[in-house]
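Working through the structure, step by step
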Amino acid sequence: MKRKHKKKSIFKRIIKSFVTIVSVILALAIVLIVVPSVIGKISDGKAPDKAKITNPYITDEKALVSAHRSGKDIAPENTMAAFQYCIETEDFNVDIFEFDLHITKDGKLILLHDSTLDRTTNSAEHFGEEGVKPSYKTYEELRLLNFGENFKNAEGEYPYRGLRGDDIPDELRAVLLEDVLDYLESNGGFQYIIEIKDSGENGKKACDELYRILKEKDLLADVVFGTFNPDVTAYADKHYPDMLRSASIIETIVFYVLCGYGIDVDADFFKYEALQIPSERAIIYLNTPRVINYAHRHNIAVQYWTINDAEEVKELNDIGADCIMSDAPDMAYDVINEK
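What comes next is a walk through the structure.

Quick notes on the rules
Residues numbered from 1 in each chain as written. Predicted model: local features only at pLDDT ≥ 70, side-chain atom pairs only at ≥ 80, totals over all residues. Heavy atoms only, no water. Phe/Tyr/Trp six-rings, centres within 6.5 Å; stacked < 30°, edge-to-face > 60°. Lys NZ or Arg CZ within 6 Å of the ring centre and 35° of its normal. Buried < 20%, exposed > 50% of the residue type's maximum accessible area, 1.4 Å probe, protein only. Helix = DSSP H or I, 4+ residues; strand = E, 2+ residues; numbered from the N terminus. Pairing = 2+ DSSP bridges. Patch = residues over 30% accessible without salt bridge, like charges linked within 9 Å, V, L, I, M, F, W, Y side chains within 5 Å. Areas by Shrake-Rupley, 256 points an atom, 1.4 Å probe, with all protein chains shown as cover. Salt bridge = Lys/Arg side-chain N within 4 Å of Asp/Glu carboxyl O. Axes fitted to C-alpha atoms, helices over the stretch in contact; angles between N-to-C directions. Parallel < 35°, antiparallel > 145°, perpendicular 65-115°, else oblique. Contact = heavy atoms within 4.5 Å. Nonpolar A, V, L, I, M, F, W, Y, C, P; charged D, E, K, R; others polar. Left-handed = near helix turned anticlockwise from the far one by under 90°.

Another point: the packing of aromatic side chains. If you walk through the whole model with that rule in mind, you get 13 aromatic pairs. Their ring planes at 90° and their centres at 5.1 Å tell us that F269 and F270 sit as a pair that is edge-to-face. Chaining the aromatic ring pairs together yields one cluster made of F83, F97, F99, F190 and Y192. Between K137 and the ring centre of F127, over which it is positioned, the NZ or CZ distance is 4.4 Å. Above the plane of the ring of Y158 lies R161, whose end atom (NZ or CZ) is 4.0 Å from the centre.

Take a look at the structure:
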């Protein structure tokens with residue numbers, strides 16, 4: 001009987017400890033998530049002193065239009081064909097081009113969003129296996145693929161599917177970072193949002209190469225670099241402090257809490273020039289004037305992704321967003337410019 005009583009006591013203590021832990025977690029959630037969201041919805045916070053804003057990515061009147069993945073909905077993403085479409089059209093203008101980088105086996109930087117080549121190209125057919133990453137192949141090997149293979153246009157058609165060999169136009173083949181920059185700079189020059197997708201050693205090598213190219217082309221001031229990989233962020237901060245970057249996930253959470261409670265910090269507290277964020281996620285609201293006002297007070301630009309709904313584009317532009325990244329830059333341009 002005594003043993004049973006002892007076991008029951010231990011079980012009660014475990015339950016009590018569990019309840020305590022859960023209560024603490026819930027309390028922290030309220031303090032760190034719920035309260036800032038509520039405050040953000042009911043208070044715009046203090047407006048910035050515009051005379052003190054020096055960040056060139058902060059706009060004064062309307063949001064800049066960014067072609068996400070170089071315009072994913074209107075042309076094959078992250079291809080030269082997409083850049084050419086955005087440049088040559090007379091229907092809309094792009095202010096900032098957003099695209100993604102991977103490093104190849106021979107140390108080149110090509111444009112690609114996914115970790116593998118499967119979704120956008122004929123890689124599985126060509127190489128005889130799925131899951132091939134850019135780092136597995138040389139740039140010349142990747143040039144044999146059709147990067148427009150699975151692009152679907154507004155009519156639901158696949159206009160480039162089935163192109164092989166010499167029938168694949170150059171603008172639908174793997175494209176180097178420097179070739180894209182040369183083309184865009186020769187057509188007037190732009191601002192850029194560039195994301196390094198690789199992590200680990202490949203991510204660090206990609207960072208080295210990105211910096212080398214930007215420095216060589218005198219474009220460091222025109223690029224906000226980003227990555228979801230904390231090791232690459234730390235590497236960039238250590239080796240390339242003059243490369244502008246966006247906030248990491250952890251930094252964004254810290255920003256969100258400080259913003260929610262209206263806690264002002266020293267000018268050098270934030271190590272980034274831009275917040276590149278979704279407009280809304282669950283109970284965390286990032287699409288509020290309070291977020292934008294707080295960011296601007298600390299000289300941080302607010303750039304939203306990936307906004308493909310016209311009403312949402314209008315709402316973000318109206319509250320002072322600095323940049324709208326959209327797969328449909330033509331739509332975003334029309335909304336922002338009230339065409």
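Still more ground to cover, so stick around.
Moving on to the pairing of strand β6 (residues 274-278). With five of its five residues buried, β6 lies for the most part within the structure. Here β6 shows two buried faces, one formed by A274, Q276 and P278 and the other by L275 and I277. Of the strand pairs in this sheet, β6 and strand β9 (residues 301-305) are connected by five bridges, and their pairing is parallel. Directly across from A274, in β9, lies its bridge partner A301.

Another aspect to go through is a nonpolar patch on the surface. Taken together, F228, I249, I250, I253, V254 and F269 make up a surface patch of nonpolar side chains, about 590 Å² in accessible area. Here F228 shows up in the loop between β5 (223-226) and α7 (230-239). For F228, a relative accessible area of 49% gives the class partly exposed.

Moving on to the packing of helix α8 (residues 249-261) against helix α9 (residues 289-297). Angle between the axes and distance between the axes: these two values describe a pair of packed helices. Across the interface, α8 lies against α9 with an axial gap of 10 Å and an inter-helix angle of 100°. If you check the angle between α8 and α9, you find them roughly perpendicular. Here F255, L258, C259, G260 and Y261 of α8 lie close against α9, whose contacting residues are R290, V291, Y294 and A295. Taken together, the residues of the contact of α8 with α9 sort by class into seven nonpolar, one polar and one charged.

For side chains of opposite charge, pairing can occur when their charged atoms come near one another. Taken as a whole, this structure holds 19 salt bridges when the rule is applied. E149 is the partner of R164 in a salt bridge, and the nearest nitrogen-oxygen pair spans 2.8 Å. Residue R164 is located in the loop between α4 (139-142) and α5 (177-185), and its partner E149 is located in the loop between α4 and α5; the two are separated by 15 residues in the primary sequence. Of the residues examined, R164 reaches a relative accessible area of 26% and is grouped as partly exposed. One salt bridge connects E251 with R245, and the closest N-O pair in it is separated by 2.8 Å. Its relative accessible area of 2% is what places R245 among the buried residues. A single network of salt bridges, built from pairs that share partners, joins R69, E77, D114 and R119.

Let us now look at the packing of α5 against helix α6 (residues 200-216). Interaxial distance between α5 and α6 falls to 11 Å at its minimum, and their mutual angle equals 25°. With respect to their mutual orientation, α5 and α6 come out roughly parallel. Considering how the two elements wind past one another, α5 and α6 form a crossing that is right-handed. From α5, L177, E178 and L181 reach across to α6, where they touch L210, I213 and L214.

Attention now moves to unusual backbone geometry. One non-glycine residue, N78, lies in the positive phi region at around 55°. Its place among the elements puts N78 in the loop between β1 (64-68) and α2 (80-88). The phi dihedral of D218 falls on the positive side, at around 55°, and the residue is not glycine. Locating D218 in the fold gives a position in the loop between α6 and β5. The exposure class of D218 is exposed, given its relative accessible area of 68%.

That's the geometry; what it means functionally is another story.
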